[in-house]
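Chain by chain, the residues:
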Amino acid sequence: MKIICLVKFVPDLEKIQFDKKKNVLMRENARLSINPDDETALAAALKLKEKYPETVIEILSMGPRSVARKFQDLLRRDVDKGILISDPLYVGSDTYATSRILTAYLKHKKVDWIFTGTHSLDGDTSHVPAQIAELLQMDHLNNVVNFDKEKLMEGTALIRVDSEGQILEFRMDLPGILSFEKSREFKMPYIRYEDFQRDVSDKVEILTNEELQLSEEEVGLSGSMTEVSRTFMKELVNKESITVKTDDEGIERVYEFLKEKDYI
Amino acid sequence: MKKCLIYVEKIHPRDAVDLLDAVDRLYGSENAKVYGFGDEEVLQSLEGYFDVLIPSGNEQLDPYNIKTLTNRLEELHEAFIFDSILILATHIGRMLAPRLAMRLQTGLVADITGINADGDRIELIRPAYSGKLMAAITIRGTGPMMMTVRQKVFQWEEKRVSNSQWNLFEFKDSGVVQKKNASMELLRSEDKEGFTDIRESEILVAGGRGTASYFVELESLAKVLNAQVAASRKIIDQQIAPRRIQVGQSGKTVNPKLYIAIGISGAIQHIEGLKNVEHVIAVNKKSRAPICSIADIVVEGDGKEFIEKLLRRIRRGDEI
Amino acid sequence: METKDLLKGLRNLLNEEQINTEEENLYDASADRYKKYAKVRRVLDVPMPKAIVYPNSAEEVSKLLMFCNENKINVIPRSGKTATEGGLENWKENTLVIDAKNLNKTIKIDEYNMQATVQAGVVLGDMEEELRKKGYTTGHSPQSKPVAKMGGLVATRSIGQLSTLYGGIEDMVVGLECVFPDGHISRIKNVSRRAGGPDIRHIVIGNEGSLCYITEVTVKLFKYFPENNEFHGFLVKDMDSGIKVLREVMVNGYRPSVARCYSEEDAKQHFYHFSKDHCVLIFMAEGNQEIAEATGKGIEKAAAKFQDSIIEKVDSQLLEEWFENLNWSQQDIDDEYEGMLENDSHSGYTTEVSGDWETIIKIYHNVMKRIKEEYHRVEDLTLLGGHSSHSYINGTNMYFVYNYEIHCAPEDEMRVYHHPLQRIIVEETLKLGGSMCHHHGIGKFRNEWTKNEHGSAYYMLEKLKETFDPNNIMNFGTIYPQKEGEKYQK
């Protein structure tokens, strides 16, 4: 049984600051770490492998070369291989182009299940898994929180989904794509101290457009169907704190605040 | 005249009508011919809102049969060539829309919260980086322009036509029983029951040492705000509330949009449990308690009085 | 010695209710706050002691020590359990924990002569409360005050938050009573001062249970004037300037009870509501009215001298409130326990060093630089800072603090995080001639540097151990490095 986990590395939200003068997000200071939902997906795959050691798990990501180092901590767990698709041609790809690039790799691989996350901390569109599913003609489910391991190994997954106040249970035949929601059910296993420095570079493969052979029109901005024309901060003013009392005036002020911010 | 398709989900008919507001912002309601696609039963309740109603087929389509839905929507687009397709950003919508966009080889913008339309130049606004940043997106290519919209972002009340026109479209796979061949199937559903983890709540009403004598009252405020009750360590120490709602370094780390801290001084161990909170209202007898330095509104006074008065005000609602 | 024989021997010496072999208690006694995280997660790598005993008198302690000495049983002297450096950790299979729980009597409070005598198992917090009712204080205020007991406080050469005025425990102890492995009970009498040969109290104060067992302590009393407490606080440009202001206060003869300078990050966690990302300088003047006022004036004068480095004054009210909530309580400890069970985190670690005025700031910068450049998990650090909190006319301490996200198995946590950080701090300190252990004691986890710390004077420590504890039964691994114990350290 082969599972490919699609993982994305996203900047640490807390550290991100907005440069108001230049109107840009200062991403340089924010370090990249694995998107939490993707981490859950990988943890779920590893949990499966714990029970069924013959399972092969690969991680697939697209991004700058520097991301290859981040792979290492993931590979030091029981992950068999890590593939990083990286090419300057791909910079500026929206989800549409990204899905096509990833599919260019995936379509040649025999894969039983693809595990990935539902939400990403930066864009959070959830487009890529669904679009890859469309291109590969697979089924796909969002907000997966759990699944029956035995059934999954047999080729027919029983999947639990948390959606809109309900828990839904689905049957899905392989091959299929499961998009997980960050869950306390699946935690990444620890790397043991002895493994911290273990060299796993032989498990990493970096692929460029030379291997994937896509045309320039299919990738980057040219291959994208959407374009970010501009970005801006939602609240352009600094947080100004006001102090009120518990008299009618004060309570009214609080009420107005709650209404204004759509809490009521 | 622009042509617009709206997918009407079985359990969210009224929310689909709200998308007419988006259509209005895109083109002006009078410049658009809006098609609604969904189950016949559901469409019947939506007469007068859509120009054209297209029922999904002669049998009820499993809403989770996304592959078939994609096929049918593709057929519709081939037949009518829509300028835009709008889908609610529900669980189904978020799986359906990207598939359809890929099928139609067109652009899709997810979770839009605003529209800037200047003639043919249309910008779709959406949040990024957990709302820290807003992005304005334009669609490239020949269309159709596709977008998903969260519920309650737009609102629409009025009927647009005296009679909707029904189009009994014949789909290629009409009549073919879907369920047996489905590679994916919804087996059962149940309501999520019981306690929700405070980490999942958008609004938290938290009580600290100052609320020990009236901690139960926080629940009533939480209820009207659709919020959950949380507590600082001091309340847990006194066994007034269970540990699972303790916020702090040694308890849970929460990131609600709104945190109402009542009678909490704001010791660093508590504050460390708050990450990425958008708004804080601090209610405290001491307006200089440390927590007040991170609050949008500081309410100086008694917490119990605050809860009672605010409840009354909220229940009174909007009066002229 | 076989366990059953060990227990039999104990039963010959003590009553049944004085012997505790409950497995949970023994597990708890295997380690102290140093391995708090591993303990909570049930992955301790050390053996459990065979029993915990509660002697009722010094004579019983004597019999116990003789029994252990004869049978080569390791002894861990214990009172408040607040040790943070592995001083209470067990490295031997055959170990007996001797707990001072029943030695909890207050023997005498002598107001006229300003002395109080208590047994080793008396909680400092309780003692303070009693004294304050009468208008006195011990002046000793470590963060563990509500829980720590006198025996441990003396054995570790502890220091309190008000030490800059009152001194460390070594300045407060008058006389004491202790028991040696051969059973000998020594009483050092209470006198205000003497020149009767070397000051033998100092063999006991700070021995960390490696030489003897403390059973009774007499400390000085001070009059308590809380109404005269004055807080002075400033936001200051950087640590260098802050330390200079501290020095200015000290060298001009002032003795504030509290004199602290926090680095930016450390200040932010304590004073997020007013630090504004700067270093924070805090003083408290204490004592009788005239002295407190004069001290306050001295503080203001010192700050004025460096006014270019002072950004603004801090509201005293804010400082007072902060100070009131500084100490641990048993509930804090229990809550941290629950937190460590639930989350992959804890409230952080510390390494405290000391040096003279010139050296301490160099040590601070060297450590910060080296950690940022060298430490392999620097990305996991959520806090890295330091503060000076105990000053003397000729120097001060530096208390390094660091919190981190734990991204490893609980049993690896120390090796991945605290140890490498501690190593950097200790090495940089010893390099410049400072002391690697200002007030927490060497415990077991800095013993690899004990010889380096003492240099040629280690000879004296060594001889003490040879003489008083020739069979090496007293708290094996504490202070004195032991090859056998290395597996628990690395």
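Residues numbered from 1 in each chain as written. Chains lettered and ligands numbered in written order. Predicted model: local features only at pLDDT ≥ 70, side-chain atom pairs only at ≥ 80, totals over all residues. Heavy atoms only, no water.

Overview of the overall build of chain C
Piece 1. Tallying secondary structure elements over chain C gives 20 helices and 19 strands in all.
Piece 2. For 490 residues, the compact-globule estimate of 2.2 N^0.38 gives 23 Å, and the C-alpha radius of gyration of chain C, at 22 Å, lies within 12% of that figure.
Piece 3. The principal-axis extents of the C-alpha atoms in chain C amount to approximately 70 × 55 × 45 Å.
Piece 4. Going through the 490 residues of chain C one by one, you find that 61% of them count as buried.
Piece 5. Contacts spanning at least 24 positions in sequence make up 72% of the contacts within chain C whose residues lie at least 6 apart. (Helix = DSSP H or I, 4+ residues; strand = E, 2+ residues; numbered from the N terminus. Rg over C-alpha atoms; globule rule 2.2 N^0.38 Å. Buried < 20%, exposed > 50% of the residue type's maximum accessible area, 1.4 Å probe, protein only. Contact = heavy atoms within 4.5 Å.)

Examining unusual backbone geometry
Most peptide bonds take the trans configuration, and most residues that are not glycine carry a negative phi.
Piece 1. The omega angle of the peptide bond from Leu174(A) to Pro175(A) is 0°, so this bond is cis rather than trans.
Piece 2. Along the chain, the position of Pro175(A) falls in the loop between strand S11 (166–173) and strand S12 (176–180).
Piece 3. Of note, the bond from Gly143(B) into Pro144(B) is cis; its omega dihedral lies within 30 degrees of zero at 5°.
Piece 4. Its place among the elements puts Pro144(B) in the loop between strand S8 (133–139) and strand S9 (145–149).
Piece 5. Although it is not a glycine, Asp262(A) adopts a positive phi angle of roughly 65°.
Piece 6. A residue is classified by how much of its surface remains accessible, and Asp262(A), at 67% relative accessible area, is exposed.
Piece 7. With a phi close to 50°, Glu208(C) is a non-glycine residue in the positive phi region.
Piece 8. For Glu208(C), the position within the fold is in the loop between helix H9 (201–204) and strand S10 (213–220).

Examining the sheet that holds strand S9 (residues 185–188) of chain C
All names here are of chain C.
Piece 1. The strand order across the open sheet built from five strands is S5-S6-S10-S8-S9, with neighbouring strands paired in antiparallel fashion. The open sheet terminates on both sides in strands that have one partner only, identified here as strand S5 (106–110) and S9. Pairs of neighbouring strands in the sheet enclose a mean axial angle of 10°, with direction left out of account.
Piece 2. As paired elements, strand S8 (residues 173–179) and S9 share four bridges and run antiparallel to each other. Bridging from a neighbouring strand, Cys178 pairs with Ser186 of S9.
Piece 3. Packed on one face of the sheet, helix H4 (residues 58–70) meets S8, S9 and S10 and runs near 45° to S8. (Pairing = 2+ DSSP bridges. Axes fitted to C-alpha atoms, helices over the stretch in contact; angles between N-to-C directions.)

Brief notes about the interface of chain B and chain A
Piece 1. Residue-level contacts link 82 residues of chain B with 80 residues of chain A.
Piece 2. Taken over both partners, the interface formed by chain B and chain A buries close to 7300 Å², and the fraction arising from carbon and sulfur atoms is 53%.
Piece 3. Ranking the residues of chain B by area buried against chain A places Met102(B), Tyr129(B) and Arg140(B) at the top, with a combined share of 12%.
Piece 4. At the junction of chain B and chain A, the tally comes to 40 residue pairs in polar contact (both at pLDDT 80 or more).
Piece 5. The residue inventory of the side of chain B that touches chain A, partitioned by class, reads 37 nonpolar, 17 polar and 28 charged. (Buried area = accessible area lost by both parts, 1.4 Å probe. Polar contact = N/O pair within 3.5 Å; in protein donor to acceptor, adjacent residues only side chain to side chain. Nonpolar A, V, L, I, M, F, W, Y, C, P; charged D, E, K, R; others polar.)

Brief notes about the nonpolar core
Piece 1. Ranked by internal contacts, the top residues of the largest apolar core, which has 68 residues, are Phe115(A) and Leu76(B).
Piece 2. Looking at this core element by element, the count peaks at seven residues for helix H1 (residues 36–51) of chain A.
Piece 3. Residues within four places of Leu76(B) in sequence aside, it is in contact with Leu5(B), Phe37(B), Ile54(B), Ile81(B), Phe82(B), Phe169(B) and Phe171(B).
Piece 4. Among the nonpolar cores identified, the runner-up in size contains 59 residues, and Phe196(A), Tyr27(C), Tyr37(C) and Tyr402(C) belong to it. (Core = buried A, V, L, I, M, F, W, Y, C linked by side-chain atoms within 4.5 Å.)

Section: the interface of chain C and chain A
Piece 1. Each partner contributes residues to the interface: chain C has 14 residues there, and chain A has eleven residues.
Piece 2. Summed over both sides, the interface of chain C with chain A buries roughly 1000 Å², with 45% coming from carbon and sulfur.
Piece 3. If you sort the residues of chain C by the area they bury against chain A, Glu379(C), Asp412(C) and Arg415(C) come out on top, with a joint share of 38%.
Piece 4. Our enumeration of links across chain C and chain A arrives at four salt bridges.
Piece 5. When the shortest N-O distance is used, the salt bridge between Arg192(A) and Glu411(C) registers 3.5 Å. (Salt bridge = Lys/Arg side-chain N within 4 Å of Asp/Glu carboxyl O.)

Quick notes on the sheet that holds S11(A)
Piece 1. Taken in spatial order, the ten strands of this open sheet run S13(A)-S7(A)-S6(A)-S1(A)-S8(A)-S12(A)-S9(A)-S10(A)-S11(A)-S11(B), and their pairing is mixed. Since the sheet does not close on itself, it has two edges, and those belong to strand S13 (204–207) of chain A together with strand S11 (184–191) of chain B, each with one partner. Here the average twist between neighbouring strands, direction ignored, is 30°.
Piece 2. When strand S7 (residues 81–85) of chain A meets S13(A), the two strands line up parallel, connected through four bridges. The residue of S13(A) that forms the bridge with Ile83(A) is Glu205(A).

A short note on the pattern of salt bridges
Piece 1. Scanning the model with the defined rule gives 83 salt bridges over all chains in all.
Piece 2. A salt bridge links Asp21(B) to Arg25(B), with the shortest nitrogen-to-oxygen separation between them at 3.1 Å. With Asp21(B) and Arg25(B) both in helix H1 (residues 13–27) and four residues apart, the pair spans about one turn of that helix.
Piece 3. Overall, the relative accessible area of 10% leaves Asp21(B) in the buried class.
Piece 4. Shared partners join several salt bridges into a network, and the residues in it are Arg233(B), Asp237(B), Arg243(B), Lys252(B), Asp332(C), Asp335(C) and Glu342(C).

Focus on the state of the cysteines
Residue and element names in this part refer to chain C.
Piece 1. A full pass over the atoms with the stated rule returns zero disulfides over all chains.
Piece 2. For the unlinked cysteine Cys212, the closest cysteine sulfur is that of Cys178, found at 4.0 Å.
Piece 3. Judged by relative accessible area, which is 2%, Cys212 ranks as buried.
Piece 4. Cysteine Cys437 is unpaired, with the sulfur of Cys212 as its nearest cysteine sulfur at 18 Å.
Piece 5. Residue Cys437 is classed as buried on the basis of its relative accessible area, which comes to 17%. (Disulfide = S-S within 2.5 Å.)

Quick word on helix H14 (residues 330–342) of chain C
Piece 1. For H14(C), spanning 13 residues, the distance from its first C-alpha to its last is 19 Å, which sits close to the expected 18 Å at 1.5 Å a residue.
Piece 2. Residues of H14(C) that are buried: Ile333(C), Asp335(C), Glu336(C), Gly339(C) and Met340(C). All buried residues of H14(C) project into a common sector of 165° when viewed along the axis, lining one side.
Piece 3. Tucked into the core, H14(C) has its buried residues touching helix H6 (233–237) of chain B together with helix H3 (36–40) of chain C. (Expected span 1.5 Å × (residues − 1). Arc of directions from axis to C-beta.)

Quick word on the confidence of the model for chain C
Piece 1. Looking at chain C, the pLDDT average stands at 95 and 100% of residues meet or exceed 70.
Piece 2. Here the predicted complex carries an ipTM of 0.89, next to a pTM of 0.86. (pLDDT = per-residue confidence, 0-100.)

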